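# Working through the structure, step by step
Listed below, chain by chain, are the residues.
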Amino acid sequence: MAYKIAVLPGDGIGVEVMEEALKVLDKISSKFQIEFEFREALIGGAAIDAKGDAFPEETKEICDWADAILFGAVGGPKWESLPPEKQPERAALLPIRKRYELFANLRPAIVFDALIESSPLKREILGDKGFDILVVRELTGGIYFGKPKGIFDENGKKKGIDTLIYYDWEIERIARIAFEASLKRKKKVASIDKANVLNAMVLWREIVNKVAKKYPEVELSHYLVDNAAMQLIRDPHQFDVILAGNMFGDILSDEAAMLTGSIGMLPSASINESKKGLYEPVHGSAPDIAGKGIANPCAMILSAAMMLRYSFDMEEAAKAIEKAVEETLNEGFRTADLYKKKEQEILVGTKEMGTRIAEKI
Ligand code: IPM
Ligand code: MG
């Protein structure tokens, strides 16, 4: 039986990096004798241009059919003048997360040994070893989705409203994901809230404490989000798994990504209770370099590895991809975003990077 994969390249460099991820999956398929069935569909700006809708019906059908969704990136200047709710980010990304209840967003922020120089942190903070943080972000609740939401008229004045709501069951299920993930790592969870001000976050802390009782071997600490933002820069090594709600997780995952210095390297997974998942690079569509063949395909390729691990339970195949990426970096191959003009470095384009990684599998 073939594993069913929806392929949504989207816009900008999404299209270029997706090609390389498929190249790598082809190698995985022959090496591990696994059959994949791919169906491609339009999403984001490309779908607006062709169908007048960022997440059209045909794309929904293909995503419904699939066991996992590979997602490139959406958006670009061409669609920025559309009304906010019609723009690719809000009209494609948020609905697709909600449609499949992809509540658990896993965003690893890892400093690869070969890229340690890319981190903007001083060496005295970073040390000789990089760091390895997993941000577990709640993705289908909180202030992104709470009602009322909108811009309303009130006695001739306009008011904009978003509502922060968390139900106990939403907190519980994402907390469980974080604790489970920590068991395979350093057994440390840092839960992020703003319990000194926000009611939803008082409940957040209470429920996380309750879930923690089932994981006595895991060390739990609570951080107010402002302090967490500071601690990440002061000493990233204190973090293993970071557990956060939708908005705080959005912000802290960008901060953690920047600390690695190479956003072109970072994958992500968004999964639901039945392990259906959407896998996408953390970077966006990068319109400034789109079409030039210079984008870094590693984040997309590593997202495919996360798909094998989380949706298909293929740990060995996932590791094979991760190892191939690491070896390619160790040999000195760099796309433009990583290239520091050092002697041992070899500048390559998107396709060559993808081919080199695929060859190592
Ligand atoms: C992300 C992005 C999205 C988010 C935007 C594009 C809607 O920033 O995936 O982190 O805020 O979730
Ligand atoms: Mg973000």
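Remember, it's a predicted structure, so these values are computed and weren't measured experimentally.

### Some thoughts on the sheet that holds strand β11 (residues 267-271)
Across the sheet, which stays open at both edges, the 10 strands sit in the order β2-β1-β3-β12-β11-β4-β5-β10-β8-β9 with mixed pairing between neighbours. What marks the edges here is a single partner per strand, and that holds for β2 (36-40) and β9 (219-224). Adjacent strand axes in the sheet meet at a mean angle of 20°, parallel and antiparallel pairs treated alike. Examined bridge by bridge, strand β8 (residues 188-193) and strand β10 (residues 241-244) share 3 bridges and lie parallel to one another. Residue pairing for β10: Val-189 is matched across the bridge by Val-241. Helix α9 (residues 246-260) rests against β4 (104-110), β5 (132-138), β8 and β10 of the sheet, and its axis sits at about 160° to β5.

### Topic: the packing of helix α1 (residues 13-32) against helix α10 (residues 298-310)
Contact geometry for α1 and α10: axes closest at 8 Å, N-to-C directions at 45°. By the angle between their axes, α1 is oblique relative to α10. As for the relative orientation of α1 and α10, their crossing is right-handed in sense. On α10, the residues touching Val-17, Met-18, Glu-20, Ala-21, Val-24, Leu-25 and Ile-28 of α1 are Met-300, Ile-301, Ala-304, Met-307 and Leu-308. Considering only residue class, the contact of α1 with α10 consists of 11 nonpolar, no polar and 1 charged.

### So, the pattern of salt bridges
Once their charged atoms are close, side chains differing in charge can pair, the charge on each being opposite to the other. Within this structure, the stated rule accounts for 25 salt bridges. A salt bridge links Arg-39 to Glu-37, with the nearest nitrogen and oxygen atoms 3.2 Å apart. Judged by its relative accessible area of 35%, Arg-39 is partly exposed. Between Glu-352 and Arg-356 there is a salt bridge, with the nearest N and O atoms lying 3.0 Å from each other. Of this pair, Glu-352 and Arg-356 both sit in helix α12 (residues 350-359), 4 residues apart, which is roughly one turn of the helix. Overall, Arg-356 belongs to the partly exposed group, its relative accessible area being 27%. Through salt bridges that share partners, Arg-309, Glu-315, Lys-319 and Glu-322 make up one connected network.

The rules behind each value
- Residues numbered from 1 in each chain as written.
- Chains lettered and ligands numbered in written order.
- Predicted model: local features only at pLDDT ≥ 70, side-chain atom pairs only at ≥ 80, totals over all residues.
- Heavy atoms only, no water.
- Pairing = 2+ DSSP bridges.
- Helix = DSSP H or I, 4+ residues; strand = E, 2+ residues; numbered from the N terminus.
- Axes fitted to C-alpha atoms, helices over the stretch in contact; angles between N-to-C directions.
- Contact = heavy atoms within 4.5 Å.
- Parallel < 35°, antiparallel > 145°, perpendicular 65-115°, else oblique.
- Left-handed = near helix turned anticlockwise from the far one by under 90°.
- Nonpolar A, V, L, I, M, F, W, Y, C, P; charged D, E, K, R; others polar.
- Salt bridge = Lys/Arg side-chain N within 4 Å of Asp/Glu carboxyl O.
- Buried < 20%, exposed > 50% of the residue type's maximum accessible area, 1.4 Å probe, protein only.

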